[in-house]
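Survey of secondary and tertiary structure
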Amino acid sequence: MAVKSNTKKILLVDDHPVLRKGLVRLIDARDEFEVCGEASTAIDAMALIRDLSPDLVVVDISLPGTNGIELTKSIRAEFPKLPVLILSMHEEALYATRALRAGAMGYIVKQDAIDNIAAALQETLNGRRYLSPIIAAQMQSSGPDGQLKATDDPISLLTDREFEIFELIGKGQEVREISDVLGVSPKTVETHRTNIKEKLKLKNARQVARLAVQWLSQQAI
């Protein structure tokens, strides 16, 4: 894919081809940006980053296998100066907080992408944090460093991996399925599920599953 001169190269990582193509059209319509590559998985994304040296990576938070949060951590570990903008269907500050903590420079919900993707790209490229208005309204400054925190939610007690497994449980996946998706052993999944149970003060795996389904049904998915 040829890239225009004097433009910032954007790599898109999203497993939904229709949405990805729509974003390509939106971004390529701007003279200052051009999409240099597209990926649908974290593995493909890391390979393209090494090959194409983009100026910014736009990452869907809900990827198959390794999700956008974990991919962001991998990008930041290998390419600490490469900014990441998280694209998400989730309008809850809990997800944005996890994305920022993983090293993302911005978080834009998909409903805002048509109107605000250019501003989000420009802000993150300039080293400034970008948050969709609906997310910014849910978050508040905490301390002189401007660190953001989400409103109180017991689910925020979970680590990123525990939270990922909690979501998959809420989607009806069993231990073996989760282990296949995440590339870890069933025993590891069970250990995380036990930690989830203890942190959320639940009695057994059935209660974990019930709460996960209930919690996920309340989210904007």
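Conventions adopted
Residues numbered from 1 in each chain as written. Predicted model: local features only at pLDDT ≥ 70, side-chain atom pairs only at ≥ 80, totals over all residues. Heavy atoms only, no water. Phe/Tyr/Trp six-rings, centres within 6.5 Å; stacked < 30°, edge-to-face > 60°. Helix = DSSP H or I, 4+ residues; strand = E, 2+ residues; numbered from the N terminus. Buried < 20%, exposed > 50% of the residue type's maximum accessible area, 1.4 Å probe, protein only. Pairing = 2+ DSSP bridges. Right-handed = clockwise from strand over helix to strand, strands pointing away. Contact = heavy atoms within 4.5 Å. Axes fitted to C-alpha atoms, helices over the stretch in contact; angles between N-to-C directions. Salt bridge = Lys/Arg side-chain N within 4 Å of Asp/Glu carboxyl O.

Moving on: the packing of aromatic side chains. Tallied over the entire structure, the rule returns 4 aromatic pairs. Pairing Y95 with W215 gives two aromatic rings, centres 6.2 Å apart and planes at 35°, and the pair type is tilted. Within this pair, whereas Y95 is found in helix α4 (residues 93-102), its partner W215 is found in helix α10 (residues 205-217), the two being separated by 120 residues in sequence. For W215, a relative accessible area of 8% gives the class buried. Ring geometry for F166 and W215: centres 6.0 Å apart, planes at 65°, overall edge-to-face.

So, about the pairing of strand β3 (residues 56-60). The buried count for β3 comes to 5 of 5 residues, which makes it a mostly enclosed element. The alternating pattern of β3 places L56, V58 and D60 and V57 and V59 on opposite faces, both of which are buried. Sheet topology note: the strand β1 (residues 8-13)/β3 ladder contains 4 bridges and is parallel. The partner of V13 across the bridge, within β3, is V59. Two elements, β3 and strand β4 (residues 84-88), share 4 bridges in a ladder whose sense is parallel. Within β4, the residue paired with V57 across the bridge is V84. Chirality of the crossover, the property in question, places the unit of β3, helix α3 (residues 68-78) and β4 among those that are right-handed.

We now examine the sheet that holds strand β2 (residues 33-39). Two modes of strand pairing occur in sheets, parallel and antiparallel, and in both the strands are linked by backbone hydrogen bonds. Spatially, β2-β1-β3-β4-β5-β6 is the arrangement adopted by the 6 strands of the open sheet, whose pairing is parallel. In this open sheet, the two edge strands, each paired with only one partner strand, are β2 and β6 (130-131). Running over the sheet, helix α2 (residues 42-52) touches β1, β2 and β3 and is turned about 135° from β2. Across the sheet, helix α5 (residues 113-125) is in contact with β1, β2, β3, β4, β5 (106-109) and β6; its angle to β5 comes to roughly 175°.

Here the focus is the pattern of salt bridges. Oppositely charged side chains may form a pair once their charged atoms are brought near each other. With the rule as written, the count across this model stands at 13 salt bridges. One salt bridge connects E38 with R20, and the closest N-O pair in it is separated by 2.9 Å. Of this pair, E38 sits in strand β2 while R20 sits in helix α1 (residues 17-28), and the two are 18 residues apart along the sequence. Owing to a relative accessible area of 22%, E38 belongs among the partly exposed residues under this scheme. Among the residues examined, R20 registers a relative accessible area of 12% and is labelled buried. Two residues, K73 and E70, come together in a salt bridge whose shortest N-O distance is 3.5 Å.

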